[in-house]
Amino acid sequence: MFGNSFRVARIAGIDIEIHPSWLLILAFVAYSLSEGFFPDQYEGWSTFAYWGIGISAALLLFVTVLIHELAHALVAKRRGLEVPRITLFIFGGVSHLGRQPASAGEEFQIAAAGPATSLLIAVVTGAAGFALRDVNDKLEAMLLYLAFVNTALAIFNILPGFPLDGGRVLRSIAWKRTGSFRRATRIASNVGELFGYGLIAIGFFLLLGGLIFNGLWLMFIGWFLLGAARSESANLQLEGVLKKLTARDVMRADFPSITPGAPLQAVVDDYMVGQGERAVMVANGGTVLGILTVSDVRRVPREEWPNTPAQSAMTPRERIVTVVALTPAVEVLVLLGEKRLNQVPVLDDGRMVGLVTRREILERLQLAETLNPDAGAAEESTAAT
Ligand SMILES: [Zn+2]
């Protein structure tokens, strides 16, 4: 989602990134302020003044959103969490936290810091705007606008949609009350989903009532919150189960092994069709020479299978992607996805001791989740705050 973001600054050791979608919103806000909002509210300025104040106000909005995110990030850092970067995108900002908060109190402080800061900005800019009332109507206009949007930002963020700040505050309270991070996450993401559905429904009614732009916008935000709430709870379940497992725990040690001279036809008949194996090891005595996968076999024309030895079709050992026995199972799963592999051999002290397959790692996960549904908090996550 944030793949195309580019870095614009570095503050307190945190990379500040902008997603291209933000530039679109910036242009849209600057345009609607300069051509709509300010001309409606304040008469008699020059076009140059409307656009000057409009662009400045849009840029300052960008700065206040950034300050909101920095508030989250700095509280998190003070509590010892790593915050590698902040990304500004279409809905505001995201602080990427190095791990989930360790306690309910910690989560509450990190989540509440953002809306509290927005509210503070609203009070300060509002007061300054009123003070400049009869002195400079352009500065007044800009400051009152900032007060207005920061109030809106604070309110939007304390809505209980997970993973908005309000959803996180809700989770921290549920966490405190239930004592379980996972149950609290489930509660918060259920409320978040409900909230997403609610926004979509309200948007739909606005749409029917003729408020097409507002209706679509609400439905879009609802749809976004729905997806975010769902993926947060799914991630958590996976991570909770996976974090304690290593490659050794999820591998099979009884991987099938064949001699280098075995003809492909026999391997296909005995192992692949016969036992449903997607890969077999090619070994000579105790030494593993390579791995023969279904894809390797497919590259050889079918009529040559009886006369082709496994060794000449296999992927040789030096070209195989491997993992060591202590690699966390999460990393193995990510590796399988990234390299589009169905299996990966496991090395211990340079010896192949097992094979982790995608199918089996997923089965193991399901089993572990069924047997141990409250396996504890996750270690790593990105947190939209
Ligand atoms: Zn926030």
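The numbers attached to residues start from 1 for each chain and follow its sequence in the written order. Totals for whole chains, interfaces and linings use every residue, but because this is a predicted model, local features are given only for residues with pLDDT of at least 70 and side-chain atom pairs only at 80 or more, for both listing and counting.

1. Regarding the overall build of the protein
Consideration 1: Numbering of helices and strands starts at the N terminus; helices are DSSP runs of H or I of at least 4 residues and strands are runs of E of at least 2. If you tally the helices and strands in the protein, you get 13 helices and 11 strands.
Consideration 2: Put simply, a residue is buried when 20 or more other C-beta atoms lie within 10 Å of its own C-beta and exposed when 12 or fewer do; between those, it is partly exposed, and each C-beta is set from the backbone. For the protein, buried positions account for 35% of its 385 residues.
Consideration 3: By the convention adopted here, residues make contact when the C-beta atoms placed from their backbones lie within 7 Å. When contacts within the protein are restricted to residue pairs at least 6 apart in sequence, those whose partners lie at least 24 apart make up 62%.

2. Digging into the packing of helix 3 (residues 104-131) against helix 4 (residues 137-158)
Consideration 1: For every element, the axis is a line fit to its C-alpha atoms; helices are fit only across the contacting stretch, and the angle between N-to-C directions ranges from 0 to 180 degrees. For the pair helix 3 and helix 4, interaxial distance at closest approach is 8 Å and the crossing angle is 160°. Our classification of the angle between helix 3 and helix 4 gives roughly antiparallel. Between helix 3 and helix 4 lies a crossing of left-handed hand. Across the interface between the two elements, Gly114, Pro115, Ser118, Leu119, Ile121, Ala122, Thr125, Gly126, Ala128 and Gly129 from helix 3 touch Glu140, Leu143, Leu144, Leu146, Ala147, Asn150, Thr151, Leu153, Ala154, Asn157 and Ile158 from helix 4.
Consideration 2: Under the scheme applied here, ten amino acids are nonpolar (Ala, Val, Leu, Ile, Met, Phe, Trp, Tyr, Cys and Pro), four are charged (Asp, Glu, Lys and Arg), and all others, including Gly, are polar. Among the residues making up the contact of helix 3 with helix 4, the classes are represented as 12 nonpolar, 8 polar and 1 charged. Note on angle classes: values under 35 degrees are labelled roughly parallel, values over 145 roughly antiparallel, values of 65 to 115 roughly perpendicular, and the remainder oblique. Should the near helix be turned counterclockwise from the far one by less than a right angle, the crossing is left-handed, whereas a clockwise turn marks it as right-handed.

3. Details of helix 4
Consideration 1: By this rule the span expected of a helix is its residue count minus one, scaled by 1.5 Å. Taking 1.5 Å as the rise per residue, helix 4 with 22 residues should run 32 Å; its terminal C-alpha atoms sit 32 Å apart, in good agreement.
Consideration 2: Listing the buried residues of helix 4 in full gives Ala141, Met142, Leu143, Tyr145, Leu146, Ala147, Val149, Asn150, Leu153, Ala154, Asn157 and Ile158.

4. Examining the nonpolar core
Consideration 1: To form a nonpolar core, buried Ala, Val, Leu, Ile, Met, Phe, Trp, Tyr and Cys residues must be joined through C-beta atoms within 7 Å. Ranked by size, the top nonpolar core spans 54 residues in total, and within it Ala57, Met142 and Leu146 carry the most contacts.
Consideration 2: The contact partners of Leu146, leaving out residues within four places of it in the chain, are Ala57, Leu60, Leu61, Thr64 and Thr125.

5. Points about the sheet that holds strand 8 (residues 315-316)
Neighbouring strands of a sheet are bound in pairs by backbone hydrogen bonds; such pairs are parallel or else antiparallel.
Consideration 1: Spatially, 5-6-7-8 is the arrangement adopted by the 4 strands of the open sheet, whose pairing is mixed. The sheet is open, and its two edges are formed by strand 5 (257-258) and strand 8, each paired on a single side.
Consideration 2: Each pair of strands is called paired provided DSSP finds at least two bridges between the two strands. The pairing of strand 5 with strand 6 (residues 279-284) spans 2 bridges and is parallel. Of the residues in strand 6, the one forming a bridge with Ile258 is Val282.

6. What to know about the pairing of strand 10 (residues 343-348)
Consideration 1: Examined bridge by bridge, strand 9 (residues 323-324) and strand 10 share 2 bridges and lie parallel to one another. Residue pairing for strand 10: Val323 is matched across the bridge by Val346.
Consideration 2: Looking at chain direction, strand 10 and strand 11 (residues 351-357) are connected through 6 bridges and run antiparallel. Pairing of Asp348 across the sheet is with Arg351, part of strand 11.
Consideration 3: Hairpin connection of strand 10 to strand 11: 2 residues between the antiparallel strands, including Asp349 at a positive phi of 60°.

7. A closer look at the packing of helix 2 (residues 47-78) against helix 3
Consideration 1: Close contact between helix 2 and helix 3 brings their axes to 8 Å; oriented N to C, the two are set at 145°. Judged by the sense of rotation from one axis to the other, the crossing of helix 2 with helix 3 is right-handed. Taken together, the residues of helix 3 that come into contact with helix 2 (itself represented by Thr64, Ile67, His68, Glu69, Ala71, His72, Val75 and Ala76) are Gln109, Ile110, Ala113, Gly114, Thr117, Ser118 and Ile121.
Consideration 2: Considering only residue class, the contact of helix 2 with helix 3 consists of 7 nonpolar, 7 polar and 1 charged.

8. With respect to the sheet that holds strand 11
Consideration 1: The sheet built from 3 strands is open, its strands ordered 9-10-11 with mixed pairing. The sheet is open, and its two edges are formed by strand 9 and strand 11, each paired on a single side.

9. Quick notes on unusual backbone geometry
Consideration 1: Unusually for a residue other than glycine, Ala12 sits at a positive phi of about 50°.
Consideration 2: Along the chain, Ala12 falls in the loop between strand 1 (6-11) and strand 2 (14-18).

10. Points about the environment of Leu144
Consideration 1: Take Leu144: it is sitting in helix 4.
Consideration 2: Taking the C-alpha atoms as reference points, Leu144 and Thr125, separated by 19 residues in sequence, lie 6.5 Å from one another.
Consideration 3: Leave out the neighbours within four places in its chain, and Leu144 touches Gly126 and Gly129.

11. Let's talk about the environment of Arg317
Consideration 1: Mapped onto the fold, Arg317 is located in the loop between strand 8 and strand 9.
Consideration 2: For Arg317, a count of 17 C-beta atoms within 10 Å gives the class partly exposed.
Consideration 3: As for Arg317 and Ile291, which are separated by 26 residues in sequence, their C-alpha atoms are 7.0 Å apart.
Consideration 4: Apart from the residues lying within four places of it in its own chain, the contact partners of Arg317 are Val288, Leu289 and Gly290.

12. Quick look at the confidence of the model for the protein
Consideration 1: Values of pLDDT, the confidence the predictor places in each residue, fall between 0 and 100. Scored by pLDDT, the protein has a mean of 82; 89% of the residues are at 70 or more.
Consideration 2: Predicted confidence for residues 373-385 stays below pLDDT 50, and this span has 37 contacts to residues more than four positions away or in other chains.

13. Details of the environment of Arg85
Consideration 1: With respect to the secondary-structure elements, Arg85 resides in strand 3 (residues 85-89).
Consideration 2: By the C-beta count within 10 Å, which is 17 here, Arg85 ends up partly exposed.
Consideration 3: Taking C-alpha positions, Arg85 is 9.4 Å from Ile11, a pair spaced 74 residues apart along the chain.

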